[in-house]
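Residue-level listing of the chains:
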Amino acid sequence: MTINSNGILAGKNILVAGVTLDSSIGFAVAKFAQEQGATVLVSNFGQALRITRRIVKRLPELPEVIELDVTDAEHLAALPDAVREALGPDARLDGVVHSIAYGNPETLLGGKFLDGPWEDVAQAVQVSAYSLKSLAVACRPLMSEGGSVVGLTFDASVAWPVYDWMGVAKAGLESTARYLARDLGGDGIRVNLVSAGPLRTLAAKAIPGFEDLESMWTTKSPLGWDNTDQEPTAKAVCALLSDLFPSTTGEIVHVDGGFHAMGA
Ligand code: NAP
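Residues numbered from 1 in each chain as written. Predicted model: local features only at pLDDT ≥ 70, side-chain atom pairs only at ≥ 80, totals over all residues. Heavy atoms only, no water.

Brief notes about the side chain of Asn-104
- Within the secondary structure, Asn-104 is located in the loop between β4 (95-98) and α4 (118-139).
- Overall, the relative accessible area of 16% leaves Asn-104 in the buried class.
- A distance of 2.9 Å separates the side chain of Asn-104 from the backbone nitrogen of Glu-106, its partner in a polar contact.
- Once you skip the residues sitting within four places of it in the chain, Asn-104 turns out to touch Leu-109 and Asp-120. (Helix = DSSP H or I, 4+ residues; strand = E, 2+ residues; numbered from the N terminus. Buried < 20%, exposed > 50% of the residue type's maximum accessible area, 1.4 Å probe, protein only. Polar contact = N/O pair within 3.5 Å; in protein donor to acceptor, adjacent residues only side chain to side chain. Contact = heavy atoms within 4.5 Å.)

Below is the structure:
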């Protein structure tokens, strides 16, 4: 698809936080957002930043890449200036995508729930849930009415096999999104989540026993589910970033082939 100056994100500046490989959901979001006319900035942190800078060359347009560890107070404080440096002194942000999670797979996932140590749980909650608040607050000076913050969850309303403490972190993320929607609503900024089905990304492949979740989806989703296709999830994220959902906030949109609505 070519870049669309009449697309649903035409003229918008979007920061996508959490792109490592071209399998990352964030990569698919960045790609579809560019195709819909957005100017995209990408962020990642640490050693993977080098990989990100290489991977973004596969996008339709080469985006600026910003270093951002969402647990680093200095990075967060420097974010508005980093965005201005990339996009110009008067730059604003119309959309922010939080596509970030981490939980130690050795101690927190794959059936380790009863033994998960607090230090690792605290890290998972900070990186995967609290950081939605950190990122939104860091970007707030650049955002105004009509702005949109979108994060990614894995339905935390129930307990899953193998997902364990990441499920608890996602429950925290879902609640954080609702409180952010409350507190940023006065600025006209929306905060929503997309709840995706299992997708074969770096983070997912690190979960021991992830195939158990994948096989459930294949048999139960009324629409079927392709765990290698990030595009349906990316499209929903971009729809929420656009002006097409002006009165929707505190919402969780399921992009899971309909799995969540089936009893058996
Ligand atoms: P991914 O490609 O591994 O993306 C996760 C990203 O989070 C990576 O870029 C990772 O960077 C980054 N990250 C981790 N700690 C960070 C920190 N402290 N500061 C900044 N960035 C950090 O995996 P993904 O599946 O696309 O995950 C994106 C989001 O979708 C996550 O919230 C995930 O839980 C959610 N989700 C995934 C699925 C699925 O089945 N894949 C389903 C539903 C929801 P590094 O690579 O450098 O660690």
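Once the structure has been displayed, the description carries forward.
Digging into the site of the ligand
- Taken together, the neighbourhood of the ligand is formed by 28 residues, with Thr-20, Ser-24, Lys-170, Leu-199 and Thr-201 sitting nearest.
- Between an oxygen atom of the ligand and a side-chain N or O atom of Thr-20, the distance comes to 2.7 Å.
- The backbone of Leu-199 places a nitrogen or oxygen atom 2.7 Å from an oxygen atom of the ligand.
- Protein contacts shield 91% of the accessible area of the ligand, which totals 890 Å² for the unbound molecule.
- Broken down by secondary-structure element, the contributors of at least two residues to the shell around the ligand are β5 (148-153) and α6 (202-205).
- In terms of residues, the shell around the ligand owes the most to one element, α6, which gives 3 residues.
- In terms of residue class, the shell around the ligand is made up of 18 nonpolar, 8 polar and 2 charged. (Near = heavy atom within 4 Å. Areas by Shrake-Rupley, 256 points an atom, 1.4 Å probe, with all protein chains shown as cover. Nonpolar A, V, L, I, M, F, W, Y, C, P; charged D, E, K, R; others polar.)

Brief notes about the pairing of strand β3 (residues 64-67)
- By the bridge criterion, 4 bridges tie strand β2 (residues 39-44) to β3 in an arrangement that is parallel. By the bridge assignment, Asn-44 is partnered in β3 with Glu-67.
- In the classification by handedness, the crossover that spans β2, the intervening helix α2 (residues 48-55) and the parallel β3 is right-handed. (Pairing = 2+ DSSP bridges. Right-handed = clockwise from strand over helix to strand, strands pointing away.)

Overview of the packing of aromatic side chains
- Tallied over the entire structure, the rule returns 7 aromatic pairs.
- Pairing Phe-154 with Trp-217 gives two aromatic rings, centres 5.5 Å apart and planes at 35°, and the pair type is tilted. Here Phe-154, found in the loop between β5 and α5 (164-184), pairs with Trp-217, found in helix α7 (residues 210-220); they are 63 residues apart in sequence, far enough to count as distant.
- Put simply, the rings of Phe-154, Trp-160, Tyr-163, Trp-217 and Phe-259 touch in pairs and so form one group of aromatic residues.
- Geometry around Phe-259 places Lys-220 over its ring, the cationic atom sitting 4.0 Å from the centre. (Phe/Tyr/Trp six-rings, centres within 6.5 Å; stacked < 30°, edge-to-face > 60°. Lys NZ or Arg CZ within 6 Å of the ring centre and 35° of its normal.)

Notes on the pattern of salt bridges
- All chains considered together, the criterion is met by 9 salt bridges.
- A salt bridge links Lys-12 to Asp-243, with the shortest nitrogen-to-oxygen separation between them at 2.9 Å. Of this pair, Lys-12 sits in the segment before β1 (13-17) while Asp-243 sits in the loop between α8 (231-241) and β7 (252-255), and the two are 231 residues apart along the sequence.
- On the accessibility criterion, Lys-12 (11% relative accessible area) is buried. (Salt bridge = Lys/Arg side-chain N within 4 Å of Asp/Glu carboxyl O.)

A few points about the UniProt feature "binding site: NAD(+)" (unreviewed entry) in the protein
- The UniProt record annotates "binding site: NAD(+)" (unreviewed entry) at Gly-18, Ser-24, Ile-25, Asp-69, Val-70, Ile-100 and Lys-170.
- Mapped onto the elements, Ile-25 comes out in helix α1 (residues 25-35).
- You can call Ile-25 buried: its relative accessible area is 15%.
- Those residues in contact with Ile-25 that lie beyond four places of it in its chain are Ser-99, Leu-152, Leu-199, Thr-201, Gln-230 and Thr-233.
- Note that Lys-170 resides in helix α5.
- With sequence-adjacent residues up to four places away left out, Lys-170 is seen in contact with Ile-100, Ala-101, Leu-152, Thr-153, Phe-154, Ala-156 and Tyr-163.
- A distance of 2.9 Å separates a polar side-chain atom of Lys-170 from the backbone oxygen of Leu-152. (UniProt positions renumbered as here; feature names shortened; annotations may be inferred.)

Here we look at the packing of α1 against α8
- Two numbers describe how α1 lies on α8: the axes approach to 8 Å, and their chain directions differ by 60°. Put simply, α1 runs oblique to α8. The hand of the α1/α8 crossing is right-handed. Taking contact as the criterion, the partners of Ile-25, Ala-28, Val-29, Phe-32 and Ala-33 in α1 are, on α8, Thr-233, Ala-234, Lys-235, Val-237 and Cys-238. (Axes fitted to C-alpha atoms, helices over the stretch in contact; angles between N-to-C directions. Parallel < 35°, antiparallel > 145°, perpendicular 65-115°, else oblique. Left-handed = near helix turned anticlockwise from the far one by under 90°.)

Describing a nonpolar patch on the surface
- Residues Ile-8, Leu-244 and Phe-245 make up a contiguous nonpolar surface patch of about 250 Å² in total accessible area.
- Locating Leu-244 in the fold gives a position in the loop between α8 and β7.
- On the basis of relative accessibility, which here comes to 57%, the residue Leu-244 falls in the exposed class. (Patch = residues over 30% accessible without salt bridge, like charges linked within 9 Å, V, L, I, M, F, W, Y side chains within 5 Å.)

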